[in-house]
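Analysis of the macromolecular model
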Amino acid sequence: MIDPRILRDEPDRVRAAQAKRGLSVEVVDRALAADTARRTAIATFEAKRAEQKALGAKIPRAAPEEKQQLLAQTKTLAAEVKDAEAARVAAEEEWSEILKTIPNLAADEAPAGGEDDYTVIEHIGTPRDFAAEGFEPRDHVEIGQLLGAIDIERGAKVSGSRFYFLTGVGAQLEFALVNLALDQARAAGFTQVIAPALVRPRAMEGTGFLGQAADDVYRIEGEDLYLVGTSEVAMAAYHSDEILDAATLPRRYAAFSPCFRKEAGSHGKDTRGIIRVHWFDKVEMFVYTTIEESYAEHQRLLAWEKEFLDKLELAYRVIDTAAGDLGLSAIRKFDCEAWIPTQGRYRELTSTSNCTDFQARRLDIRVREEGQTKAIATLNGTLTAIPRAIVAILETHQQADGSVRVPEALRPYLGGLEELKPV
RNA sequence: GGAGGCGUCGCCUAGUCCGGUCUAUGGCGCCCGCCUGCUAAGCGGGUUUGGGGCUACAACCCCAUCGAGGGUUCAAAUCCCUCCGCCUCCGCCA
């Protein structure tokens, strides 16, 4: 939720952000009207309530004959208080409903527009020229089969489309990637976390995934639980209802968890392979820091993502996501997209968002600094999402005979293995 | 899954049976001041969070807040109901 004070004092900033995201500007006026109505309702209720309290305090001390009169008086007042309270609650609910539909502001630096309006910040590495090397690259499905690493057919048999088994070196590769990621994170001062993949509605709602993204979320039938689409959800809710001491910031967590996504509305997209799946494992960086520090921290998260991709020796580019593609919570988002040889294009491997105080407000997380409590910022960034990392590695480092060269940094995590060979 | 116990403003704690004097007790910690070669001790004061009013986003005033939400009542930390969490025991189980 955005800062109500910004809405009240600088509505034009909110209007500008809405426009930049390609969303309704009119909602700002509705929110402002609801805010006024809410404050009026609060003032009315509080005045009545104060009156009731003052009268009520006299009753125990009143003389018997006076008491009867007071009781009668306060009884009608009680009814008025009840009505005023109902009106207050209704006004507050309406205000909060409208406010919740307003996404976070968009950073000035974020490009305006939709999905295709991103700007490319930089290219790192050069895509391999397979034509020059004289062979046609195989896609990850084919290599995965040759190596006995990915079993998509049986994934579909057992669980349906967009499911897979990682087997043999595929399974080893997952643990190697996870450990490489966790080691890097620990070296950078992150606390390693294994996070629950099932969360209560509060956590889902608080991170902004029950809004327009709700279609993509699995709910457990008969239980008030959701399967997370990212451990960001659990890690944001981790400190909900807490006030963190400023001296303990930044708090950096690297969380491993499975992730589940319905992929509703992506029928026909990426139907082959494991680029887009209903379940995958991921190591996610999650940071709590001050709003002022959040911008620099965002850059650091991006740097850690790049460091990891560099270790995998991939060619990739970094894009600055357009405002319309930021999602509900972020004010700015960088995606790292790796070159996928058989697709001839860059595909998102990791992504980092600065959510400033948007999620923290919904989850009641604050910071105490010099006796003051203030809003805190949350940020997240992928260190590694397993299937896409595997896709990029297999396709990028494949050799003519179907084997795959293991990037140097990954070798220690695979028992020194330098090459994955067809089985 | 079954039975029982518990949840108070950072931590501990009084209060809940018998509703109003609870503007929630006391201790610890912390902050400010006094005292003081320094430190400690001592003494005095302060110390939940959110919101509204008024404003300099100060001070001040007000409302809510005793796990959460409902209810009873003129009045709820206190009585009733539902939910959540923690603990103990039993059963089952990786």
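Residues numbered from 1 in each chain as written. Chains lettered and ligands numbered in written order. Predicted model: local features only at pLDDT ≥ 70, side-chain atom pairs only at ≥ 80, totals over all residues. Heavy atoms only, no water.

Taken together, the neighbourhood of RNA strand B is formed by 24 residues, with Arg-38, Arg-49, Lys-53, Arg-368 and Thr-373 sitting nearest. Residue Arg-49 places a side-chain N or O atom 2.3 Å away from a phosphate oxygen belonging to RNA strand B. One nitrogen or oxygen atom from the side chain of Arg-200 is found 3.1 Å from a sugar or linking oxygen belonging to RNA strand B. Mapped onto the surface near RNA strand B, the elements with two or more residues apiece are α1 (4-9), α3 (26-58), α4 (64-101) and β14 (366-369). Examining the composition of the surface near RNA strand B, we find that 10 residues originate from one element, α3, more than from any other. Tallied by class, residues from the surface near RNA strand B come to eight nonpolar, four polar and 12 charged. (Near = heavy atom within 4 Å. Polar contact = N/O pair within 3.5 Å; in protein donor to acceptor, adjacent residues only side chain to side chain. Helix = DSSP H or I, 4+ residues; strand = E, 2+ residues; numbered from the N terminus. Nonpolar A, V, L, I, M, F, W, Y, C, P; charged D, E, K, R; others polar.)

Next up on the list: the layout of surface pockets. Size it by volume and the second largest pocket reaches roughly 520 Å³. In terms of lining residues, the second largest pocket is bounded by 22 residues, among which Met-1, Pro-4, Arg-361, Arg-362 and Asp-364 are the most central. The set of elements that each furnish at least two residues to the lining of the second largest pocket consists of α1, α4, α9 (201-206), α12 (358-363) and β15 (372-375). (1 Å grid on protein atoms, 1.4 Å probe; cavity = no way out; pocket = protein on both sides within 12 Å on 5 of 7 lines; lining within 4 Å. Points joined across faces, edges and corners; volume = space filled by probe spheres on them.)

What follows concerns the packing of helix α6 (residues 140-147) against helix α13 (residues 386-396). Running from N to C, α6 and α13 point in directions that differ by 85°, and their axes come no closer than 9 Å. Between α6 and α13, the angle falls in the class roughly perpendicular. Here His-140, Ile-143, Gly-144 and Leu-147 of α6 lie close against α13, whose contacting residues are Val-391, Leu-394 and Glu-395. Here the contact of α6 with α13 is built from residues that sort into four nonpolar, two polar and one charged. (Axes fitted to C-alpha atoms, helices over the stretch in contact; angles between N-to-C directions. Parallel < 35°, antiparallel > 145°, perpendicular 65-115°, else oblique. Contact = heavy atoms within 4.5 Å.)

Quick look at the pairing of strand β12 (residues 332-340) now. The buried fraction of β12 amounts to eight of the nine residues, a majority that puts the element mostly inside the structure. Direction of pairing for strand β11 (residues 316-320) relative to β12: antiparallel, over a ladder of five bridges. Within the sheet, the bridge partner assigned to Asp-320 lies in β12 and is Phe-334. Looking at chain direction, β12 and strand β13 (residues 345-354) are connected through nine bridges and run antiparallel. Of the residues in β13, the one forming a bridge with Ala-338 is Arg-347. Turn length for the β12-β13 hairpin, with the two strands adjacent in sequence and antiparallel, is four residues, and the turn residue Gly-344 shows positive phi of about 65°. (Buried < 20%, exposed > 50% of the residue type's maximum accessible area, 1.4 Å probe, protein only. Pairing = 2+ DSSP bridges.)

Throughout the structure, instances matching the rule amount to seven aromatic pairs. For the pair Trp-339 and Tyr-346, a centre-to-centre distance of 5.1 Å together with 70° between the ring planes defines the contact as edge-to-face. Assessed through its relative accessible area of 16%, Tyr-346 is described here as buried. Over the ring of Trp-95 we find Arg-38; its NZ or CZ atom is 4.0 Å from the centre of that ring. A cation over an aromatic ring shows up here: Arg-88 above the ring of Phe-45, its NZ or CZ 4.8 Å from the ring centre. (Phe/Tyr/Trp six-rings, centres within 6.5 Å; stacked < 30°, edge-to-face > 60°. Lys NZ or Arg CZ within 6 Å of the ring centre and 35° of its normal.)

What follows deals with the sheet that holds β14. The mixed open sheet is built from three strands, whose spatial order is β8-β14-β15. Strands at the two margins of the open sheet, each flanked by one partner only, are β8 (243-245) and β15. Going from strand to strand, the sheet's axes swing by 40° on average, the running direction of each strand aside. Where β8 and β14 come together, three bridges link them in parallel fashion. When the bridges of β14 are listed, Leu-244 appears paired with Val-367.

Attention now goes to the pattern of salt bridges. Proximity of charged atoms lets side chains of opposite charge pair with each other. Applying the stated criterion across every chain yields a total of 36 salt bridges. Between Arg-38 and Asp-35 there is a salt bridge, with the nearest N and O atoms lying 2.6 Å from each other. Note that Arg-38 and Asp-35 are positioned in helix α3 at a spacing of three residues, about one turn of the helix. What makes Arg-38 buried here is its relative accessible area of 15%. (Salt bridge = Lys/Arg side-chain N within 4 Å of Asp/Glu carboxyl O.)

Further remarks concern the UniProt feature "binding site: L-serine" (unreviewed entry) in chain A. When the UniProt feature table is mapped onto this chain numbering, "binding site: L-serine" (unreviewed entry) sits at Thr-230, Ser-231, Glu-232, Arg-261, Glu-284, Asn-380 and Thr-382. Within the secondary structure, Thr-230 is located in the loop between β7 (226-227) and α10 (232-238). On the basis of relative accessible area, Thr-230 is assigned to the buried category, the value being 4%. Leave out the neighbours within four places in its chain, and Thr-230 touches Phe-209, Cys-259, Arg-261, Lys-282 and Glu-284. Following the sequence through the fold, Glu-284 ends up in strand β10 (residues 279-289). The contacts of Glu-284, once residues within four sequence positions are left out, are Thr-230, Ser-231, Glu-232, Tyr-253, Ala-254, Ala-255, Asn-380, Gly-381, Thr-382 and Leu-383. (UniProt positions renumbered as here; feature names shortened; annotations may be inferred.)

So, about the environment of Pro-60. Its location among the elements puts Pro-60 in the loop between α3 and α4. Between the C-alpha atom of Pro-60 and that of Thr-167, which follows or precedes it by 107 residues, the distance is 77 Å.

Before going further, it helps to spend a moment on helix α2 (residues 11-21). Every buried residue belonging to α2 is among Pro-11, Val-14, Ala-17, Gln-18, Lys-20 and Arg-21, and all of these are buried. Here the buried face of α2 lies against α1 and α3. Taken from the residues just after α2, Gly-22 is the one with a positive phi, measuring 80°.

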